[in-house]
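Residues per chain are reported as follows:
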Amino acid sequence: MWNTHWWAKQENGHHTLARSGLIPLDMEEDPSSSTTSPLCRIRQARHKQILRHCLLNALFILLGAILIALSATLIDRSLSAWSRRRESISSQRFHAAFLDLACNTTVDRHLRELTRHPHVAGLPRDFATAEYVFSALQSYGLAPHFADYSVLLSYPVERNLSLLHPDGSLKLELSLREEDPGGGDGGGGGPAAVISSYHAYSPSGDVQGEVVYVNYGRSEDYQELELLGVDVRGAIVLARYGQIFRGDIVENAASRGAVAAIIFSDPGDYAANQTQGYFPDSSWLTPTGVQRGTVFQGNGDPLTPGWPSSTANSERIPESRAGLPTIPSLPISARDARPILESLGGKVAPRGWRGGFAMEYRTGRGPAKLRFHYVANQTLASIRNVLGAIKGYEEPDRFILLGNHRDAWTFGAVDPNSGTAALLEIASRLGRLVRAGWKPRRTIVLASWDAEEFGSVGSTEWVEENLDLLGARAVAYLNVDCAVSGPGFFAGATPQLDDLLVDVTKEVGDPDTGRGSVYDSWASRSPIGGGGKSSPTVDRLGGTDSDFVAFLQRAGVPAVDMYFGKSYPVYHSLYDNYDWMKRYGDPLFHRHVAVSSIWGLMALRLADCLVLPFNYGSYATQAQVYGNAVEDALRAAKAPRNVTASPLRTSLASFVEGAKQAGHDSKKLEREISLLLPRRTLNDRLMLAERAFLEEGGIPGRTWHKHLIYGPSKNNGYQSEAFPAVLDAIVEASGSTNPDKWDAVQHQIWRVSRVLERATLVLRGELT
């Protein structure tokens, strides 16, 4: 019979399933049965059904948990993205405020104070300017500190230059004096307070010899003299300033057997051929004006090449191994140079050698003679850098560095304290932003270097001391030396910074015209390019003429240099003073404000952007141009067939692809703004790629310079050259049948190819 009731049964203390009358009682399972009964099969089916329900419930619970976690993650990412968008908007507002805070009276005040007295490096007045900068940075909240070094500097003790008759008797004792023109606030003390005109690191000497006029003292000028049959061995050469670095003028003379070099400022180069008057009635150099400067061809302390001179007990090499000049030299005025030129005989100088004197220029040799007596004091002296910083809140270990040197040969209104005043103006604005609640994402460092005029000494010693940290953490170095000397904006940069530089100049008003942007006037002076449009010309930074050199050549840090005014006639003279700036350089200090705005806004963009605004596509384009130039040079030099640029072409093609990949990754991560770690990784690739262009062996003959893409010209330390080691080797081998010279060319091509491949790997961020 069928049991029609629900009931419960307990077996062995456990409750079994209550069965309804749907299951006949006599169909209970017999455990001893060897075959599966119908009841057993029904129970197994029920168990499977229950198991399925349990699994489904567990799955639903798991899915729910995943959805909850995913929702939380998405919400967190959305909040993070919103937060970063808010930060980005906030940064943009602070950047706009930075521009609005511009103040020309602040710049004017700083420049007036900095230029009250001459302040040559290593002397008390220079330390007074360090204290002034320290105090200003402290008042703006930048927590400054000093970085001191003990270095070899050079000062004059005695100077005498006499013009002699051919028989050796005295004709004229040259005055070697700059005269105070009067006419305004030229600074404290006048000429008496200014150091005598001299060449730093010139050795002492007492020499006499016939004079040879060598034009600008370039290699090609000596080739011209050779064609004219003029020999400079044993002579005192007379050269005019311009075209090349004064240290190269002296070295060229020494290498050709001259016993001394005298360098003057010709009125054709520095006084508009004497047709427009002189300072203070015009901006031109007076007839008694003299350009001081170093003739050391190295960088940093001559006695500690490659390591810092942080104390008086640092390791030092002997002066005889320091690469110092080997013949005495002296700068003189146009007034002192004229009687020497008038006393020369010999061949009529080529047309291009004739300067601004209304006279016939002749080469000599003789019959005029000079007696030159000079005593130098080469001595260890203390120098002082001043640095201040604003610590980053997210990446405090990534540094954006702004630098300017502070020491001057005289009062330094243009060189360098127009830049110092601009740096302090930036510090003032940044301090106000901080007080308003802004903090940079990355750390910003402001540096006031010492002893740049002696060969970028202060900045080089600091870079050498901090080389490993800079190599790991420095994002970019932004340099300003002579911030303002006149109209027109000019800039040099490593190419990945070109786009940022251009973009920033579009946001700053043009101080020269009062309309449009700095970019507009900058582009209007540049050559017309493709599409009939002009784009600004950005120079490259291979030369040795300012404090960017150690950052680029030793640490591989991307760099920029910028300024208003291409050149100015009172350079390194008594007349580079506040009065000259107020009359001619920047009467209303609007150019100072503009360069401060460009300089500072570049720093803010680099400090606050999520993805570094580096465009290596620009670098790749430039490198391809340089590669084509190498191939042209090989053809012009009639290189053997086994000497080829093929390795360079292959590496350049890879570099182009690496730059494209870095650009693609940058655009992708700019959209995915919440991904901190991937952005950090990408930014490191962009930051470190420049380091790959350094090679320990450096440029042959100039091994301190490690950068194989950009370096100084062999014949002019001021001039930047691309692939310098390759082009130097080609020049050396040109016209030669010596296979060793052509092997050297091929080796240099391979070296550049290898650093390009290394940079490509860094940009890709992948191991081989």
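As the structure is a prediction and not an experimental result, all values here were calculated from the model.

(A) Up close: the side chain of S521. Relative to the elements of secondary structure, S521 occurs in helix 12 (residues 518-524). In this structure the side chain of S521 is engaged in a polar contact, spanning 3.4 Å, whose partner is the side chain of D510.

(B) Region of interest: helix 15 (residues 590-608). The first and last C-alpha atoms of helix 15 sit 26 Å apart over 19 residues, in line with the 27 Å expected at 1.5 Å per residue. Burial of helix 15 is extensive: 17 of the 19 residues sit out of reach of the surface.

(C) Broad picture of the pairing of strand 11 (residues 369-390). Taken together, the 19 bridges between strand 3 (residues 145-164) and strand 11 define a ladder with antiparallel strand orientation. Among the inter-strand pairings, D148 is bridged to a residue of strand 11, identified as R384. Relative to strand 13 (residues 442-449), strand 11 runs antiparallel, the two being bridged by five bridges. If you follow L387 over to strand 13, its bridge partner there is A447.

(D) Structural detail: the pattern of salt bridges. Scanning the entire structure with this criterion turns up 36 salt bridges. Between R218 and E220 there is a salt bridge; the shortest N-O distance is 3.7 Å. Given the relative accessible area of 19%, R218 is considered buried. The partner of R540 in a salt bridge is D498, with the nearest N and O atoms 2.7 Å apart. Here R540, found in the loop between helix 12 and helix 13 (548-553), pairs with D498, found in helix 11 (residues 498-505); they are 42 residues apart in sequence, far enough to count as distant. Residue class for R540 comes out buried when judged on its relative accessible area of 15%. Given the relative accessible area of 11%, D498 is considered buried.

(E) Representation of the packing of helix 8 (residues 417-435) against helix 15. Close contact between helix 8 and helix 15 brings their axes to 9 Å; oriented N to C, the two are set at 55°. Between helix 8 and helix 15, the angle is such that the two are oblique. Helix 8 and helix 15 meet at a crossing whose hand is right-handed. On helix 15, the residues that touch S418, G419, A422, L423, E425, I426, R429, L430 and L433 of helix 8 are H592, V593, V595, S596, S597, W599, G600 and L604.

(F) Quick peek at the nonpolar core. Formed by 215 residues in total, the largest nonpolar core has its most connected members in L153, I332, L430, F454, W462, M562 and F655. Top element by residues in this core is helix 15. It accounts for 10 residues.

(G) Local environment of unusual backbone geometry. Cis rather than trans, the peptide bond between F279 and P280 has omega equal to 10°. Backbone geometry at N215 places phi at a positive 60°, although glycine is not the residue there. Within the element layout of this structure, N215 appears in the loop between strand 6 (205-213) and helix 4 (219-228).

(H) The arrangement of the environment of F372 in detail. Mapping F372 onto the fold places it in strand 11. Non-local contacts of F372, meaning those with residues more than four positions away in its chain, are made with N160, L161, G205, D206, V207, A260, I262, P328, S329 and L330.

(I) Region of the structure containing the confidence of the model for the chain. This prediction gives the chain a mean pLDDT of 89; 87% of its residues lie at or above 70. The low-confidence segment residues 1-36, where pLDDT is below 50, has 37 contacts with residues more than four positions distant or belonging to other chains.

(J) A look at the pairing of strand 7 (residues 236-240). Among the five residues in strand 7, five count as buried, and that is most of the element. What you see with strand 7 is no split at all: I236, L238 and R240 on one side and V237 and A239 on the other are buried throughout. The pairing of strand 6 with strand 7 spans three bridges and is classified as parallel. By the bridge assignment for strand 7, V212 is matched with V237. Here five bridges tie strand 7 to strand 8 (residues 260-264), and the two strands are oriented parallel to one another. Bridge pairing links I236 to A260 in strand 8.

(K) Quick peek at the packing of aromatic side chains. According to the stated counting rule, one finds 31 aromatic pairs in the structure shown. Ring centres of W449 and W462 lie 5.3 Å apart, and the angle between their planes is 50°; this geometry places the pair in the tilted category. Taken together, the residues W449 in strand 13 and W462 in helix 9 (residues 457-465) connect sequence positions 13 residues apart. Judged by relative accessible area, W449 falls into the buried class, the value being 0%. W462 gets classed as buried once you look at its relative accessible area, which sits at 11%. Ring geometry for Y619 against Y710: centres 6.2 Å apart, planes inclined by 40°, an arrangement best described as tilted.

Definitions and limits used
- Residues numbered from 1 in each chain as written.
- Predicted model: local features only at pLDDT ≥ 70, side-chain atom pairs only at ≥ 80, totals over all residues.
- Heavy atoms only, no water.
- Helix = DSSP H or I, 4+ residues; strand = E, 2+ residues; numbered from the N terminus.
- Polar contact = N/O pair within 3.5 Å; in protein donor to acceptor, adjacent residues only side chain to side chain.
- Expected span 1.5 Å × (residues − 1).
- Buried < 20%, exposed > 50% of the residue type's maximum accessible area, 1.4 Å probe, protein only.
- Pairing = 2+ DSSP bridges.
- Salt bridge = Lys/Arg side-chain N within 4 Å of Asp/Glu carboxyl O.
- Axes fitted to C-alpha atoms, helices over the stretch in contact; angles between N-to-C directions.
- Parallel < 35°, antiparallel > 145°, perpendicular 65-115°, else oblique.
- Left-handed = near helix turned anticlockwise from the far one by under 90°.
- Contact = heavy atoms within 4.5 Å.
- Core = buried A, V, L, I, M, F, W, Y, C linked by side-chain atoms within 4.5 Å.
- pLDDT = per-residue confidence, 0-100.
- Phe/Tyr/Trp six-rings, centres within 6.5 Å; stacked < 30°, edge-to-face > 60°.

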